[in-house]
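Single-letter residue listing:
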Amino acid sequence: MKYQKVEKQLDERDKLRKFRELDDAFAQALRQLDDPDSDFDIPTGPPVRSLATLEQDDLDAKQEEQQQEQGRVFQQRFEALLSEYDFTHYDLAELSETLLSHGLWQLDTVPGSKQS
């Protein structure tokens, strides 16, 4: 047979005593807050940021996400082209080095673009 712990019901005097203790503690905390010489350390949260700052952060996050997506799409297309033309990364590096060494391609310029 299991024994169940029966919680003792608080009588009115105990309830009143606990309420007074809580009320006294609350009043003391309020007095400490009002006292300018109090060393009472009040925990605070992170600093409040303006709506403009939050909107700018959202915009920056969206731009970062778009850049990552563009990078992912570029990588997929690049790999598809290499696969389509049966090129390896090594073959592409060798071709680039050959074009650069013979002066047929300038570093930091887009091949095929018209230069002014």
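Basis of the calculations
Residues numbered from 1 in each chain as written. Predicted model: local features only at pLDDT ≥ 70, side-chain atom pairs only at ≥ 80, totals over all residues. Heavy atoms only, no water. Patch = residues over 30% accessible without salt bridge, like charges linked within 9 Å, V, L, I, M, F, W, Y side chains within 5 Å. Areas by Shrake-Rupley, 256 points an atom, 1.4 Å probe, with all protein chains shown as cover. Salt bridge = Lys/Arg side-chain N within 4 Å of Asp/Glu carboxyl O. Lys, Arg positive; Asp, Glu negative; His and termini not counted. Charge placed at Lys NZ, Arg CZ, Asp CG, Glu CD. Helix = DSSP H or I, 4+ residues; strand = E, 2+ residues; numbered from the N terminus. Buried < 20%, exposed > 50% of the residue type's maximum accessible area, 1.4 Å probe, protein only. Expected span 1.5 Å × (residues − 1). Phe/Tyr/Trp six-rings, centres within 6.5 Å; stacked < 30°, edge-to-face > 60°. pLDDT = per-residue confidence, 0-100.

K.L.:
How do you make sense of a negative patch on the surface when you look at a structure like this?
P.N.:
A contiguous patch of negative charge, built from Asp86, Asp91, Glu94 and Glu97, is present on the exposed surface. Structurally, Glu97 can be placed in helix H3 (residues 89–101).

K.L.:
What am I meant to see in a nonpolar patch on the surface here?
P.N.:
Together, Leu81, Tyr85, Phe87 and Leu95 line one region of the surface with nonpolar side chains, adding up to about 400 Å² of accessible area. Turning to its location among the elements, Leu95 is positioned in helix H3. Note on Leu95: relative accessible area 39%, which makes it partly exposed.

K.L.:
Help me understand helix H2 (residues 51–84), please; the structure alone is not making it clear to me.
P.N.:
Counting along an α-helix, one turn takes 3.6 residues, and residues three or four places apart therefore face a common direction. Compared with the 50 Å implied by 1.5 Å per residue over 34 residues, the 49 Å span of H2 between its first and last C-alpha is a close match. In the segment just after H2, Asp86 is the residue with positive phi, at about 55°.

K.L.:
What should I look at first to understand the packing of aromatic side chains in this one?
P.N.:
The way to describe two aromatic rings as a pair is by their centre distance and the angle between their planes. Counting across every chain of the model gives 1 aromatic pair. Ring centres of Phe74 and Phe78 lie 6.0 Å apart, and the angle between their planes is 15°; this geometry places the pair in the stacked category. Here Phe74 and its partner Phe78 are both found in helix H2, 4 residues apart, which amounts to about one turn of the helix.

K.L.:
Would you explain the confidence of the model for the protein in this entry?
P.N.:
Low-pLDDT stretches of the model should not have their predicted coordinates read in fine detail. Mean pLDDT for the protein: 84, with 80% of residues reaching 70 or above. Here helix H1 (residues 12–34) stands out as the least confident element of the protein, with mean pLDDT 88; H2 is the most confident, with 94.

K.L.:
What am I meant to see in unusual backbone geometry here?
P.N.:
Leave glycine aside and you will find that most residues have negative phi; peptide bonds, for their part, are mostly trans. With a phi close to 55°, Asp86 is a non-glycine residue in the positive phi region. Inspection of the secondary structure puts Asp86 in the loop between H2 and H3. Of the residues examined, Asp86 reaches a relative accessible area of 68% and is grouped as exposed. The phi dihedral of Asp108 is positive, around 70°, even though this residue is not glycine. Tracing the backbone through its elements, the reader meets Asp108 in the segment after H3.

K.L.:
For this particular structure, what's the right way to read the pattern of salt bridges?
P.N.:
Working definition: two side chains of opposite charge can pair if their charged atoms are close together. Under the definition given, this model contains 4 salt bridges. Between Arg72 and Glu69 there is a salt bridge, with the nearest N and O atoms lying 2.4 Å from each other. You can see Arg72 and its partner Glu69 sitting in helix H2, 3 residues apart, about one turn around the helix. For Arg72, a relative accessible area of 42% corresponds to the partly exposed category. The partly exposed category is assigned to Glu69, whose relative accessible area is 38%.

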